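A structural walkthrough
Chain by chain, the residues:
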Amino acid sequence: MNNRELHHLSILVLPSLTVFAAFFLLPMARLVTVAGSGDMGAYAYVAFLTTPRYLESLIATVVLSASVTVATLAISVVSGLFLERNRFAGRKILIALITFPLAFPGVVVGFMVIMLAGRQGLIGDITKVLAGDKLVFAYSMAGLFMGYVYFSIPRVVLTIMAAAEKLNPALEEAARSLGASPWLVVKDVILPGLKPALIASGAICFATAMGAFGTAFTLATDIDVLPMTIYTEFTLNANIAMAAALSIVLGLITWVALNAARSLAGSTVAAAG
Amino acid sequence: MISGTSVSLVECAKTFPDGTRALSPLSFEIEDGETVVFLGPSGCGKTTTLRIIAGLESPDPGGRVLFDGEDVTQVPIELRNVGMVFQSYALFPNMNVEQNVAYGLKVRKLPGAESARRVREMLEMMDIVALKDREIDQLSGGQRQRVALARAIAVRPRVLLLDEPLTALDALLRERLRVDIDALLRRLGITAIYVTHDQAEAMALGDRIVVMSHGDVAQVGTPRQIYFQPSNRFVADFIGTMNRVRGFVSNGVVRTDAGTIPWNGQGEEEVEVLFRPENLTITEPERGHLTGVVETAFFLGDRTRVIVRGAGDTVLVVETSDRHEFREGEKVGLIVGPDMLTFPDGEAP
């Protein structure tokens, strides 16, 4: 590449560099400096380890996001495979309905969880009639879990369906001809075939759950997930430095998880050809 | 090595849910150890037949599939003990060569030592021992199909089912693997059912060939019967190259627009005469049964393929080992050998 071309290319790359700097580099740099400017200085970064409240919040968020990811993948694989392989009346409408929550803000999802499992909710009314006791779990981890799974399914189901369509049916037939039971076919053929899609959509699901705020804000009266903790530090306690440090920690953990998933997917793709 | 299983199809028809008839009721016996080739153009029902035998499709109610006289119609494929080889190889990409071959043995929970011994035997038989630790994406098409064959026969299936196994390979590999498959089938003595649209493959491999067309059996016979005595025009046209000339039979000759061909038959009727390229001899115009003009000639080395115009309704294809260099526009005579066939004119093809 000669100098002249390099010159042209650097002009062409300038707009994206500007956007990158304005919307990513500068805010991140600012966040880092703000995080270090509090009473604790750079120790704000380790505060989440030493302060039980932050650590609990972090662990709760990771556990919640991981279990939401696992549950969402399990539900989506079953329903995605079913929707891809069966043609029935109303199939298209059903797919459209399943993808409907994509448009909902987190607050609406939280509101729906309350209507289902809140103090005036459907589940509460039914359990009162049946058992005489109201079952209310909307404002707990269970409610949050339900809400997160609900808004995660559409993203994952669509990816799984696209991947399932590309599976070679002859592979399953070959496995069956060799004596594999339906369960073995799932374990040895279908799941390995879907692995790249599972990892990719699982990573997105995990990252979304880690950072979800609206639903948590609506429901979380007695739970602290990390985005809620950041919000509380920022608005109520005016501890801006701590909020910034926690934000960076949240970002880093999610980023590490996504990268781990990507390298795992990469090796799978290389092995599968 | 593997004891053969006889296969019987009894009134097996297949109608798909959308109402298309893929297969008219078919009854057919395959002897143990026999290699039967189902041959026909795409959509003729050959693959459907194979899938019914495999257990991947069930025949319409009333149809039955028997293995050694035992009704297996309701037995799912995983319990039928059949070996399958696919056009797309269908090797498991998440397993290496050895694991692929061992898969059926693993499913059957064969003890490790016995399984390893059997895998080794299969790899040796297919000449792929050196590839045993390779990943599937590191193999060529020919190697993949060898692995697929090894995987299918490792479980000692009752019947080996091959669905266009050579179609995805290039010509040279196809020829080599075909020879190897032929040797393998003879050596194992296994009952094999082979589906293809390639008549050369069918001729080379089949003890018997079932030619199919539009869900019906057009003819069943040995490769020689199919080639030399096609029982209808579809078979005659589908197998090899066939020339056709219309004419009128009377007094031991067939009169055509381009000349008169001797014929050892009775009766008087409009007929269509069919003969193969190698059945024609080129001679001087005045000595031939038919006369025509050379349109083009392709020199193939050991022989020359000459396209002759004006001797029939369509051009005639002649193959000759004559060293003469045929030129466009050259007038030639054609002698029709005795191995010609006649069909009453107007018979449905």
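Calculation notes
- Residues numbered from 1 in each chain as written.
- Chains lettered and ligands numbered in written order.
- Predicted model: local features only at pLDDT ≥ 70, side-chain atom pairs only at ≥ 80, totals over all residues.
- Heavy atoms only, no water.
- Helix = DSSP H or I, 4+ residues; strand = E, 2+ residues; numbered from the N terminus.
- Buried < 20%, exposed > 50% of the residue type's maximum accessible area, 1.4 Å probe, protein only.
- Contact = heavy atoms within 4.5 Å.
- Polar contact = N/O pair within 3.5 Å; in protein donor to acceptor, adjacent residues only side chain to side chain.
- pLDDT = per-residue confidence, 0-100.
- Phe/Tyr/Trp six-rings, centres within 6.5 Å; stacked < 30°, edge-to-face > 60°.
- Lys NZ or Arg CZ within 6 Å of the ring centre and 35° of its normal.
- Domains from an automatic or database assignment.
- Buried area = accessible area lost by both parts, 1.4 Å probe.
- Salt bridge = Lys/Arg side-chain N within 4 Å of Asp/Glu carboxyl O.
- Nonpolar A, V, L, I, M, F, W, Y, C, P; charged D, E, K, R; others polar.
- Disulfide = S-S within 2.5 Å.
- Pairing = 2+ DSSP bridges.
- Axes fitted to C-alpha atoms, helices over the stretch in contact; angles between N-to-C directions.

Describing unusual backbone geometry
Residues and elements named next belong to chain B.
- Even without being glycine, Asn81 reaches a positive phi, approximately 60°.
- With respect to the secondary-structure elements, Asn81 resides in the loop between helix H2 (77-80) and strand S6 (82-85).
- In this structure Asn81 comes out as partly exposed when scored by relative accessible area, which is 21%.

A look at the environment of Thr5 of chain B
Residue and element names in this part refer to chain B.
- By the secondary structure assignment, Thr5 is in the segment before strand S1 (7-15).
- Among the residues examined, Thr5 registers a relative accessible area of 4% and is labelled buried.
- Placed 91 residues apart in sequence, Thr5 and Asn96 show a C-alpha to C-alpha distance of 31 Å.
- Once you skip the residues sitting within four places of it in the chain, Thr5 turns out to touch Glu31, Asp32, Phe67, Asp68, Arg158, Val159 and Thr191.
- Within polar-contact distance, the side chain of Thr5 engages the backbone oxygen of Arg158 at 3.5 Å.

Description of the confidence of the model for chain B
- Averaged over every residue, the pLDDT of chain B is 89; the share at 70 or more is 98%.
- At the level of chain-chain contacts, confidence expressed as ipTM amounts to 0.82, with global pTM at 0.79.

Concerning the packing of aromatic side chains
- The full count for this structure, using the stated rule, is 11 aromatic pairs over all chains.
- Considering the side-chain rings of Phe217 of chain A and Tyr231 of chain A, the 5.1 Å spacing of their centres and the 75° angle between planes classify their relative orientation as edge-to-face. Of this pair, Phe217 of chain A sits in helix H10 (residues 214-219) while Tyr231 of chain A sits in helix H11 (residues 226-235), and the two are 14 residues apart along the sequence.
- We classify Phe217 of chain A as partly exposed; its relative accessible area is 41%.
- Between Phe234 of chain B and Phe238 of chain B, the aromatic rings sit 5.6 Å apart at their centres with planes inclined by 10°, giving stacked as the arrangement. With Phe234 of chain B and Phe238 of chain B both in helix H9 (residues 233-238), this residue pair falls four residues apart, about one helical turn.
- An aromatic cluster of three or more residues is present, and its members are Phe213, Phe217 and Tyr231 of chain A.
- In this structure, Arg151 of chain B is placed above the aromatic ring of Phe92 of chain B, and the distance from its NZ or CZ to the ring centre is 4.7 Å.

A closer look at the domain arrangement of chain A
Residue and element names in this part refer to chain A.
- Per the domain assignment, the segments of chain A are domain 1 (1-35) and domain 2 (43-272).
- Computed over C-alpha atoms, the centres of domain 1 and domain 2 are 33 Å apart.
- Contacts between domain 1 and domain 2 engage four residues on the former and eight residues on the latter.
- Between domain 1 and domain 2, roughly 470 Å² of surface is buried when both sides are summed, and carbon and sulfur atoms account for 80% of that area.

Remarks on the domain arrangement of chain B
Residue and element names in this part refer to chain B.
- When the domains of chain B are assigned, the result is domain 1 (7-238) and domain 2 (243-344).
- Using C-alpha coordinates to define each centre, domain 1 is positioned 39 Å away from domain 2.
- Summing both partners gives a buried area of about 780 Å² for domain 1 against domain 2, and 44% of it is carried by carbon and sulfur.
- Contact with domain 2 buries surface across domain 1, with Tyr227, Arg233 and Ala236 losing the most and accounting together for 64% of the total.
- Counting across the interface, domain 1 meets domain 2 through two salt bridges.
- Linking Asp237 and Arg244 is a salt bridge whose minimum nitrogen-to-oxygen distance equals 2.3 Å.
- If you list the elements that add at least two residues to the side of domain 1 that touches domain 2, you get helix H8 (223-228) and H9.
- Partitioning the side of domain 1 that touches domain 2 into residue classes produces five nonpolar, two polar and two charged.

Some details on the confidence of the model for chain A
- With 96% of its residues at a pLDDT of at least 70, chain A reaches an overall mean of 86.
- For chain A, the element scoring lowest by mean pLDDT is helix H12 (residues 240-272) of chain A, at 75; helix H8 (residues 169-177) of chain A scores highest, at 94.

Overview of the state of the cysteines
- Counted under the stated rule, the structure contains zero disulfides over all chains.
- For the unlinked cysteine Cys12 of chain B, the closest cysteine sulfur is that of Cys44 of chain B, found at 16 Å.

Focus on the interface of chain B and chain A
- Tallying the contact residues gives 23 residues for chain B and 20 residues for chain A.
- For the pair chain B and chain A, the summed buried surface comes to about 1900 Å²; carbon and sulfur atoms form 58% of the total.
- The largest contributions to the chain B side of the interface with chain A come from Glu78, Phe92 and Tyr103 of chain B, which together make up 28% of the buried area.
- Applying the counting criterion to the chain B and chain A interface returns two salt bridges.
- The salt bridge involving Arg176 of chain A is made with Glu78 of chain B; its shortest N-O contact spans 3.3 Å.
- Breaking the side of chain B that touches chain A down by element, the ones donating at least two residues are H2, S6, helix H3 (97-107) and helix H5 (141-154) of chain B.
- Here the side of chain B that touches chain A gets three residues from one element, more than from any other, and that element is H3 of chain B.

Details of the sheet that holds strand S9 (residues 208-213) of chain B
All names here are of chain B.
- In space, the six strands of this open sheet follow the order S6-S7-S8-S3-S9-S10, with mixed pairing throughout. The two strands at the open ends of the sheet, each matched to only one other strand, are S6 and strand S10 (216-221). When strand polarity is set aside, the average angle formed by the axes of neighbouring strands in this sheet is 15°.
- Pairing of strand S7 (residues 159-163) with strand S8 (residues 191-196), which is carried by five bridges, proceeds in the parallel orientation. Residue pairing in the sheet places Leu162 in a bridge with Tyr194 of S8.

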